[in-house]
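# Residue-level structural notes
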Amino acid sequence: MKKRLAALLIAAMFAGVLAGCAAAPAAAPAAAPAAQEEAKEEAEAPAEEAEPAAEGGLIKVGIINNDPNESGYRTANDKDLKAMFTEENGYEASFAYSLKNDEQINAAQKFIQDGVDYLLLSAADTAGWDSVLKDAQDEGIRVILFDRTIDADESLYEASIVSDMAKEGETAINWLKGQNLDSYKVIHIQGVMGSAAQRGRSGALDDAVANDGFELVTQQTAEWNAEKAQQIVQSVIDSGAEFNVIYAENDDMAKGAVAALDKANISHGVGKDVIVMGFDCNKWALEELLAQNWNYDGQCNPFQAAYLDEIIKKLEAGETLDQKVVIMEEKGFDAATITQEDVDNYGI
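Thresholds applied
- Residues numbered from 1 in each chain as written.
- Predicted model: local features only at pLDDT ≥ 70, side-chain atom pairs only at ≥ 80, totals over all residues.
- Heavy atoms only, no water.
- Helix = DSSP H or I, 4+ residues; strand = E, 2+ residues; numbered from the N terminus.
- Buried < 20%, exposed > 50% of the residue type's maximum accessible area, 1.4 Å probe, protein only.
- Polar contact = N/O pair within 3.5 Å; in protein donor to acceptor, adjacent residues only side chain to side chain.
- Contact = heavy atoms within 4.5 Å.
- 1 Å grid on protein atoms, 1.4 Å probe; cavity = no way out; pocket = protein on both sides within 12 Å on 5 of 7 lines; lining within 4 Å.
- Points joined across faces, edges and corners; volume = space filled by probe spheres on them.
- Nonpolar A, V, L, I, M, F, W, Y, C, P; charged D, E, K, R; others polar.
- Core = buried A, V, L, I, M, F, W, Y, C linked by side-chain atoms within 4.5 Å.
- pLDDT = per-residue confidence, 0-100.
- Pairing = 2+ DSSP bridges.
- Right-handed = clockwise from strand over helix to strand, strands pointing away.
- Phe/Tyr/Trp six-rings, centres within 6.5 Å; stacked < 30°, edge-to-face > 60°.
- Lys NZ or Arg CZ within 6 Å of the ring centre and 35° of its normal.
- Axes fitted to C-alpha atoms, helices over the stretch in contact; angles between N-to-C directions.

Turning next to the side chain of aspartate 309. Here aspartate 309 is to be found in helix α12 (residues 305-316). With a relative accessible area of 11%, aspartate 309 lands in the buried category. Among the polar contacts made by the side chain of aspartate 309, one reaches the side chain of tyrosine 91 at a distance of 2.6 Å. Those residues in contact with aspartate 309 that lie beyond four places of it in its chain are Met84, Phe85 and Tyr91.

With a probe scaled to a water molecule rolled over the atoms, the places where space remains empty come into view. Throughout the structure, instances matching the rule amount to one cavity of 30 Å³ or more. If you trace the largest cavity, you find 13 residues lining it, with Glu70, Tyr73, Arg148, Ala197 and Arg201 closest to the centre. Looking at the lining of the largest cavity, the elements that each hand over two or more residues are α4 (72-84) and α8 (196-211). Here the lining of the largest cavity is built from residues that sort into five nonpolar, two polar and six charged.

Further remarks concern the nonpolar core. Counting 35 residues, the largest nonpolar core has Ile189, Val233, Phe243, Ile246 and Leu261 as its most contacted members. Mapped by element, the contributors of at least two residues to this core are β6 (185-190), α8, α9 (226-239), β8 (245-248), α10 (251-263) and α11 (283-290). A per-element tally of this core places α10 first, with six residues. When neighbours within four sequence positions are excluded, valine 233 is seen to be in contact with Ile187, Ile189, Ile246, Ala257, Ala260 and Leu261.

Put simply, the chain has an average pLDDT of 87, and 84% of its residues get 70 or more. Predicted confidence is poor over residues 1-54, with pLDDT under 50, and the contacts of this stretch with residues over four places away or in other chains come to 42 contacts.

The next point concerns the pairing of strand β2 (residues 91-97). Alignment of strand β1 (residues 59-65) against β2, held across seven bridges, turns out to be parallel. Pairing of asparagine 65 across the sheet is with tyrosine 97, part of β2. Handedness of the crossover is the feature at issue here: the chain leaves β1, passes through α4, returns alongside β2, and the resulting connection is right-handed.

Within this structure, the stated rule accounts for seven aromatic pairs. Taking 5.2 Å as the distance between ring centres and 35° as the angle between the ring planes, the aromatic pair formed by tryptophan 175 and tyrosine 296 counts as tilted. Here tryptophan 175, found in helix α7 (residues 165-177), pairs with tyrosine 296, found in strand β10 (residues 296-299); they are 121 residues apart in sequence, far enough to count as distant. Neither tryptophan 175 nor tyrosine 296 differs from the other in exposure class; each is buried. Their ring planes at 10° and their centres at 4.2 Å tell us that tyrosine 184 and phenylalanine 214 sit as a pair that is stacked. You can see tyrosine 184 sitting in the loop between α7 and β6 and its partner phenylalanine 214 sitting in the loop between α8 and β7 (215-221), a full 30 residues away along the chain. The ring centre of tryptophan 284 lies 4.5 Å from the NZ or CZ of lysine 255, which sits over that ring. Directly above the ring of tyrosine 157 sits lysine 324, whose terminal nitrogen or CZ lies 5.2 Å from the centroid.

Quick look at the pairing of β10 now. As a general feature of sheets, a regular strand has side chains that alternate between the two faces. A two-sided burial pattern is seen for β10, the buried positions comprising Tyr296 and Gly298 on one face and Asp297 and Gln299 on the other. Bridge analysis of strand β9 (residues 275-280) against β10 gives four bridges, and the strand direction is parallel. If you follow phenylalanine 279 over to β10, its bridge partner there is glycine 298. Since β9 and β10 lie parallel, the crossover through α11 that links them has a hand, and here it is right-handed. Looking at chain direction, β10 and strand β12 (residues 332-334) are connected through three bridges and run antiparallel. Counterpart to tyrosine 296 in the pairing with β12 is aspartate 334.

Positionally, threonine 221 belongs in strand β7. Take threonine 221: its relative accessible area is 30%, and that puts it in the partly exposed class. When the C-alpha atoms of threonine 221 and alanine 248 are compared, they prove to be 9.6 Å apart, with 27 residues separating the residues in sequence. The residues touching threonine 221, leaving out its near neighbours within four places in the chain, are Gln190, Gly191, Val192, Met193 and Ile232. Polar side-chain contacts of threonine 221 include one of 3.0 Å to the backbone nitrogen of glutamate 223.

Bringing the sheet that holds β10 into the picture now. Here six strands make up an open sheet; going across it, the order is β7-β6-β8-β9-β10-β12 and the pairing mixed. Across the chains shown, the open sheet's two edge strands, defined by having one partner strand only, are β7 and β12. The sheet shows a mean angle of 15° between the axes of neighbouring strands, direction not considered. Together, β6, β8, β9 and β10 form the strand contacts of α10, whose direction differs from that of β9 by roughly 155°.

Here we come to the sheet that holds strand β5 (residues 159-162). In a beta sheet, neighbouring strands are held together by backbone hydrogen bonds and run either parallel or antiparallel to one another. Taken together, six strands build an open sheet; the order of strands is β2-β1-β3-β4-β5-β11 and the sheet is parallel. Two strands close off the open sheet at either side, each with one partner strand: β2 and β11 (325-327). Ignoring strand direction, the axes of neighbouring strands in this sheet form an average angle of 15°. Against the sheet, α12 contacts β1, β2, β3 (118-121), β4 (142-147), β5 and β11, and its axis sits at roughly 160° relative to β4.

Here is the structure:
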């Protein structure tokens, strides 16, 4: 915004010098009588009215996200962003994707060089962002976080629209404790290590292991991938170790785990040998709950684009944001109580 306004004023001053008229420094270069009249009206308007944007200009945004193929959640998240950040809605949007923090940081540096107005970020890892966000701030680029938090000073970004990953984990583990099993022998399949989702969802289970007698049969990352999750569970089955809970940090990994159970003819779901838990609420996963093949699925809301758009519009209008951190409302679903209406309303 500031960069566009500065460019407009410089161009106007240059035009004034050529015309030998210092009385109208905000006039744009001559193109047509109508354009001259429009420029004159802009020059006579109060300065604060010129702040939002050059008339007819698009807001330039650089959007850094995780790989859309990472999961059904991420696919829905990316689709939501692409539907919002279009020229029809007043944006010129560029997208960059990676599950690696260093690649995301490189993408952020390129967007800064390209002179975007806003940098929208869903970080692969919580650490390492201070320097590049300071570079963005120095260039007058506003940063908004979505989906995931980072470990950086809050002064480096305007707002954060996120899920409460720690609460997601706590809700899931509280549900599991409520099943009152004689013992809890858990296969814990983690997401990409260091991500906000992994840290939040792992934290509650780690606490239950430390304080509530839960036993970890294995704890490994499958990096959100179904095939890797299947391999982890197959390895446990082959070892002969006993287990009665699959705690997978997303639906795709839960699906992979179930594939290994099915291959070994191990029953799972309501009233069966193994409890299956996932996260994200893909529609197909909620249908597994409805069929009682799975037991629990934790919601993670992927629809953040409207929140981002609202924040940008407020900033463009010079308004002060009401909240620095916006927490998405989410819930958990139990196979014993889920309905078809829940599947239709909450499945992504």
